[in-house]
Structure formats: C-alpha cells, structure tokens
Amino acid sequence: QVQLVESGGGLVQAGGSLRLSCVASRSIFSAIALGWYRQAPGKQRELVAQITGVGRTNYADSVKGRFTISRDNTKNTMYLQMNSLKPEDTAVYYCNLVITFAETYWGQGTQVTVSS
C-alpha cells in the first residue's frame, strides 16, 4: 500500500500563484506516470497535468503556459506550480501515482480557491 499526502492549497486572488506538493510513502523512481487532477462542484474530474517516468509532460489546454508539473525522486515528491491563477481554476486538486497499470494511488485532495 502507498500513501500520498498533499499540501499547498489555499485561497488566492486571481493572478496569484500556488505550489502544490504530493509526498509518497515509497520511491517514485520506477513509477509509470504521475499526475494532477481536479474536480469542481457539479463538474467531472479532469486531468490537469501528467508526467511520465521518462519526463514527458502533458497538460490540459486550459492550463498550458500557466501550470508546470515536476518531480523530485530524491524526496519522493511531485509538484504542481500554478501561476496566473483564474477563478475557473477553483477546485479540489488530487495527485495520482501509477506504479503499474494495475496499481494506482490517489492523494486525499487539497482545496484551491481563486477569488475575483
């Protein structure tokens, strides 16, 4: 079993920045992929950003140029740097870790609220 602990969410004004962190209880070096998802009230969960084990990234069109996903294998941690935040970015953000195609883990979620 793998536990993922998220942090970094909060309340910020439009145009501001936040950095989300997700710490895994085991090594993430061999992971197939890591990702960040979000879900707003009344909306479906959507993929925000993804990074593969070899460093390839993928972003939702709505966040391209504003968000950056990264990983630090020495700290077993993944990050989501969010800049130029907009009110429509308001959601609960979840980190996701894929060890194998049959072994996937989720963080507890962290609230991001963007005002104005």
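Residues numbered from 1 in each chain as written. Predicted model: local features only at pLDDT ≥ 70, side-chain atom pairs only at ≥ 80, totals over all residues. Heavy atoms only, no water.

Before going further, it helps to examine the sheet that holds strand β7 (residues 67-72). Read across the open sheet, the 4 strands follow the order β1-β3-β8-β7; overall the sheet is antiparallel. Each having just a single partner strand, β1 (4-7) and β7 make up the two edges of the open sheet. Shown here is a sheet whose adjacent strand axes are inclined to one another by a mean of 15 degrees, direction ignored. (Pairing = 2+ DSSP bridges. Helix = DSSP H or I, 4+ residues; strand = E, 2+ residues; numbered from the N terminus. Axes fitted to C-alpha atoms, helices over the stretch in contact; angles between N-to-C directions.)

Below, the discussion takes up the pairing of strand β8 (residues 77-82). For a regular strand, side chains alternate in direction, first toward one face of the sheet and then toward the other. Burial of β8 is extensive: 5 of the 6 residues sit out of reach of the surface. One ladder, built from 6 bridges, connects strand β3 (residues 18-24) with β8; its direction is antiparallel. Bridge pairing in β8 links cysteine 22 to methionine 78. With 6 bridges joining them, β7 and β8 adopt antiparallel strand pairing. From the neighbouring strand, threonine 68 faces β8, where its bridge partner is glutamine 81. (Buried < 20%, exposed > 50% of the residue type's maximum accessible area, 1.4 Å probe, protein only.)

Evaluated as defined, the whole model comprises 4 salt bridges. Between arginine 38 and aspartate 89 there is a salt bridge, and its shortest N-O distance comes to 3.0 Å. Taken as a pair, arginine 38 in strand β4 (residues 33-39) and aspartate 89 in the loop between β8 and β9 (91-100) lie far apart in primary sequence, 51 residues in all. Owing to a relative accessible area of 6%, arginine 38 belongs among the buried residues under this scheme. Between lysine 64 and aspartate 61 there is a salt bridge, and its shortest N-O distance comes to 3.1 Å. The exposure class assigned to aspartate 61 is exposed, which follows from its relative accessible area of 64%. What emerges from the salt-bridge pattern is a single network uniting Arg38, Glu46, Arg66 and Asp89. (Salt bridge = Lys/Arg side-chain N within 4 Å of Asp/Glu carboxyl O.)

On to the side chain of arginine 71. As for its placement among the helices and strands, arginine 71 is situated in strand β7. No salt bridge forms around the buried arginine 71; measuring N to O, its nearest opposite-charge neighbour aspartate 72 is 8.4 Å away. Among the polar contacts listed, one links the side chain of arginine 71 to the backbone oxygen of isoleucine 28, at a separation of 2.4 Å. A distance of 3.1 Å separates polar atoms of two side chains, one belonging to arginine 71 and the other to asparagine 73. If we ignore the near neighbours within four places in the chain, the residues touching arginine 71 are Ile28, Phe29, Ala31, Leu34, Ile51, Thr52, Gly53, Thr77 and Met78. (Lys, Arg positive; Asp, Glu negative; His and termini not counted. Polar contact = N/O pair within 3.5 Å; in protein donor to acceptor, adjacent residues only side chain to side chain. Contact = heavy atoms within 4.5 Å.)

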